[in-house]
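Per-entry structural report
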Amino acid sequence: MNFLEERIVKDGIVKEGNVLKVDSFLNHQMDIQLFDQMGAEFKKRFEGKKINKILTIEASGIGIACVVAMHFNVPVVFAKKSKSINIEGDTYVAEVESFTHKCKNQVLVSKKFLGEDDHVLIIDDFLANGCALQGLISIVNMAGGTVEGIGIAVEKGFQVGGQIIRNLGYQLESLAIVDSMDPSNGTIQFREQ
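The notes below deal with the structure included here. Model, not experiment: these values are computed from the prediction. (Residues numbered from 1 in each chain as written. Predicted model: local features only at pLDDT ≥ 70, side-chain atom pairs only at ≥ 80, totals over all residues. Heavy atoms only, no water.)

With that settled, the discussion passes to the overall build of the protein chain. Within the protein chain, the regular secondary structure consists of five helices and 10 strands. At 16 Å, the protein chain has a C-alpha radius of gyration in line with the 16 Å of a compact globule built from 193 residues. In terms of principal-axis extent, the alpha carbons of the protein chain reach across some 50 × 35 × 30 Å. Residues counted as buried form 49% of the 193 residues belonging to the protein chain. A fraction of 60% describes how many contacts in the protein chain between residues 6 or more apart in sequence connect residues 24 or more apart. Accessible area for the protein chain stands at about 9600 Å²; split by element, carbon and sulfur atoms hold 47% of it. (Helix = DSSP H or I, 4+ residues; strand = E, 2+ residues; numbered from the N terminus. Rg over C-alpha atoms; globule rule 2.2 N^0.38 Å. Buried < 20%, exposed > 50% of the residue type's maximum accessible area, 1.4 Å probe, protein only. Contact = heavy atoms within 4.5 Å. Areas by Shrake-Rupley, 256 points an atom, 1.4 Å probe, with all protein chains shown as cover.)

Right, dumping it as structure tokens:
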């Protein structure tokens, strides 16, 4: 069992509806030392890739992406879920459906922060159905950039997202892959990696 799986077993809570609550350390309150371990692990798994930008989606992926970016010494760009007066000029836009929030959002990235010279590592906290990742991949493609890889903290292996993304040919690295969860007793089965 790796460091993230151990932490999920220790502090994660399994709820009905295939929900894994990790808000005490991953996506509400954030354990920065844990994020630092995750950043080091992603740096190792994507060693040799020509990454010059990290891309994520607001809001839960931002903290992890920032710490990962420190390990790569590159900037982070995050897709916004709503247009604000602060976003100037043209944007790349993709529609994504959120498993957690059960809604569709248009996400956008300013064209001045993503272009054809960018070699992008996409980072996110969770992978369930893969909709957010497909949206981020399409934004990189619209920009003419290259997706060098995708790093996920927790993948729900019993849902289709991981299979869809791997079938598209991307290097997808998930630090913890949950194969099953039982809310009646709180147990979690992880996939051997």
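In this section: the pairing of strand β7 (residues 119–127). Within β7, nine of the nine residues are buried, leaving the element largely enclosed by the surrounding structure. Where strand β3 (residues 53–57) lies against β7, three bridges are found, and the strand directions are parallel. Note on β7: the bridge partner recorded for Leu55 is Ile122. As paired strands, β7 and strand β8 (residues 146–156) are joined by eight bridges and run parallel to one another. Bridging across to β8, Ile123 finds its partner in Gly151. One crossover worth recording links β7 to the parallel β8 by way of helix α4 (residues 131–143), and it is right-handed. (Pairing = 2+ DSSP bridges. Right-handed = clockwise from strand over helix to strand, strands pointing away.)

Moving on to helix α2 (residues 32–45). Taking 1.5 Å as the rise per residue, α2 with 14 residues should run 20 Å; its terminal C-alpha atoms sit 20 Å apart, in good agreement. Buried residues of α2: Leu34, Phe35, Met38, Gly39, Glu41 and Phe42, and no others. One side of α2 holds all its buried residues, which, seen down the axis, span an arc of 165°. Away from its buried face by more than 90 degrees, α2 exposes Gln33 and Lys44. Between the side-chain oxygen of the N-cap and the backbone nitrogen of Gln33 there are 3.1 Å, and the N-cap of α2 in question is Asp31. (Expected span 1.5 Å × (residues − 1). Arc of directions from axis to C-beta. Polar contact = N/O pair within 3.5 Å; in protein donor to acceptor, adjacent residues only side chain to side chain.)

Turning our eyes to something else, we now look at the packing of aromatic side chains. Counted under the stated rule, the structure contains one aromatic pair. Look at Phe42 and Phe46: their rings are 6.4 Å apart centre to centre, the planes differ by 35°, and that puts the pair in the tilted class. With a relative accessible area of 0%, Phe42 lands in the buried category. A relative accessible area of 1% means that Phe46 is categorised as buried. (Phe/Tyr/Trp six-rings, centres within 6.5 Å; stacked < 30°, edge-to-face > 60°.)

The next point concerns the packing of α2 against helix α3 (residues 60–72). For any two helices packed against each other, the geometry is given by the interaxial angle and the distance between the axes. Running from N to C, α2 and α3 point in directions that differ by 50°, and their axes come no closer than 8 Å. In terms of orientation, α2 and α3 fall into the oblique class. Here the hand of the crossing between α2 and α3 comes out right-handed. Of the residues in α3, those touching α2 at Ile32, Phe35, Asp36, Met38, Gly39, Ala40, Phe42 and Lys43 are Gly63, Ile64, Val67, Val68, His71 and Phe72. Considered class by class, the residues forming the contact of α2 with α3 number nine nonpolar, three polar and two charged. (Axes fitted to C-alpha atoms, helices over the stretch in contact; angles between N-to-C directions. Parallel < 35°, antiparallel > 145°, perpendicular 65-115°, else oblique. Left-handed = near helix turned anticlockwise from the far one by under 90°. Nonpolar A, V, L, I, M, F, W, Y, C, P; charged D, E, K, R; others polar.)

Moving on: the pairing of strand β10 (residues 187–190). For a regular strand, side chains alternate in direction, first toward one face of the sheet and then toward the other. Residues Ile188 and Phe190 point to one face of β10 and are all buried, whereas Thr187 and Gln189, pointing to the other face, are not buried. Here strand β9 (residues 172–182) runs beside β10; their pairing, made up of four bridges, is antiparallel. Paired with Asp182 across the strands is Thr187, a residue of β10.

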